[in-house]
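Summary of the model geometry
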2 protein chains.
Amino acid sequence: MRVSDLSRSSGVPVATIKYYLREGLLPRGETTSPNQARYDDAHIRRLRLIRALVEVGGLPIATVREVLSAVDDPAVGLHDMLGRTVYAITGDVGASGSLDEAEADLAGAMVHLGWQVEKDAPALAGARSVLARMHELGWGPGEETLRAWAEAADRAAEGDLAAIGRTTDREEAAETALVGTVLGDALLAALRRIAQESRSAQRYRAES
Amino acid sequence: MRVSDLSRSSGVPVATIKYYLREGLLPRGETTSPNQARYDDAHIRRLRLIRALVEVGGLPIATVREVLSAVDDPAVGLHDMLGRTVYAITGDVGASGSLDEAEADLAGAMVHLGWQVEKDAPALAGARSVLARMHELGWGPGEETLRAWAEAADRAAEGDLAAIGRTTDREEAAETALVGTVLGDALLAALRRIAQESRSAQRYRAES
């Protein structure tokens, strides 16, 4: 198909497609004449992934290029490819105050669930910072609550892996990890509020 | 204690305390002379709650006043007070595209967990919007993943209620609901990435 058809099929404007081609995010199509190139379904899939990275993940173009190079490198195993994709969208809120209690909280949760990750995983620093901020506010979660949250995170990740397991290629797996992680955070937050309200009604309405 | 001691104990600057007094968020202290008032522990607790609402929840002053009026009104039951607090921090990302599939997904999750909430709960609209956006991207979560996420949210909410159950007064309960919900979202997101990495390593490293 021509670039105009690619735009129609993907919903991405022609000018944006040309920008992605110039930046090397989207591979060039097969040249059919000096002014024309032919694109195929692989280009549509790649455009979907770029949109997910840029629009949903909010990544800068340079980071998108980096993630795509891991997707395209068959020497990078699926686990590492997914890792690079998710690492790219994981920011650190920045630690403040003492990290000792936060460190102990996090270590407890890791042991409870048997989690093992790379020492430089950005999510470790992220979790530590949030816990430190909670303690700074005089509001440590306490063991029972922290365990419940860790188990919740583990169950959510089980769902994430189930979704990735249904995909058939690397591009789709990366897209699923990305959309599922970013939009999944927002969905989990909303579902948690629904569950809070339902459980609170059961517990406190009966008492009043 | 004097306003200067209240500032030291709470970590809130004197100018900010005076602003909260003028805006009616913080009750006036007991007048001890024409230019002085005496404050007590109740003022420290109230300042902690205001900080949580403003700094952690990101709420505008008018909304803080509204939440505090529910906290202060003994006629408002604990469930409704917590509800108003959490409703105030729950935004809607705005629906886009068709809501039919999203509606069916959400209904399925509600039935699966037996959740019952008010029809106008902001989190319902929030969950629906995120699901609609997922479907728009051609990425519906699928039943297995959605169930896992709903169960994760339910387990997280169980932890939330456990934390609230440990509190001894309304002010503390509201603060716990608020800090636990807002910072808890960030913590759950980080823990989920840790769990993803750990589970992905188990699953895909063995295969490669």
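Higher on the page you've got the structure.
Residues numbered from 1 in each chain as written. Chains lettered and ligands numbered in written order. Predicted model: local features only at pLDDT ≥ 70, side-chain atom pairs only at ≥ 80, totals over all residues. Heavy atoms only, no water.

**Things to note about the relation of the copies chain A and chain B**
Once turned by 180 degrees and shifted 0.0 Å along the axis, chain A lies on chain B with an RMSD of 0.1 Å. The two molecules are tied by a two-fold rotation axis, judged by turn and shift. The rotation axis passes nearest to the C-alpha of Ala152(A) in chain A, at a distance of 2.1 Å. With an isologous cut-off of 70% or more, the 100% of interface residues of chain A that recur at the interface of chain B puts this contact in the isologous class. (Least-squares fit on C-alpha atoms with pLDDT ≥ 70 in both. Contact = heavy atoms within 4.5 Å.)

**Remarks on the interface of chain A and chain B**
Taken together, the 82 residues of chain A in the interface contact 82 residues of chain B. Across the interface of chain A and chain B, roughly 7,600 Å² is buried in total on both sides, 63% from carbon and sulfur atoms. Across the chain A-chain B interface, the total number found is twelve salt bridges. Here Arg192(A) and Asp185(B) are joined by a salt bridge, their closest N and O atoms 2.9 Å apart. Taken together, the connections running from chain A to chain B amount to 40 residue pairs in polar contact (both at pLDDT 80 or more). For the side of chain A that touches chain B, the secondary-structure elements that each account for two or more residues are helix H3 (41-56), helix H5 (78-88), helix H6 (100-113), helix H7 (122-136), helix H8 (143-165) and helix H9 (170-207) of chain A. (Buried area = accessible area lost by both parts, 1.4 Å probe. Salt bridge = Lys/Arg side-chain N within 4 Å of Asp/Glu carboxyl O. Polar contact = N/O pair within 3.5 Å; in protein donor to acceptor, adjacent residues only side chain to side chain. Helix = DSSP H or I, 4+ residues; strand = E, 2+ residues; numbered from the N terminus.)

**Regarding the side chain of Thr181(B)**
Mapped onto the fold, Thr181(B) is located in helix H9 (residues 170-205). Residue Thr181(B) is classed as buried on the basis of its relative accessible area, which comes to 1%. A polar side-chain atom of Thr181(B) sits 2.5 Å from the main-chain carbonyl oxygen of Ala177(B). In this view, Thr181(B) contacts Arg192(A), Arg193(A), Gln196(A), Val86(B), Ile89(B) and Thr176(B); residues no more than four positions away in its chain are not counted. (Buried < 20%, exposed > 50% of the residue type's maximum accessible area, 1.4 Å probe, protein only.)

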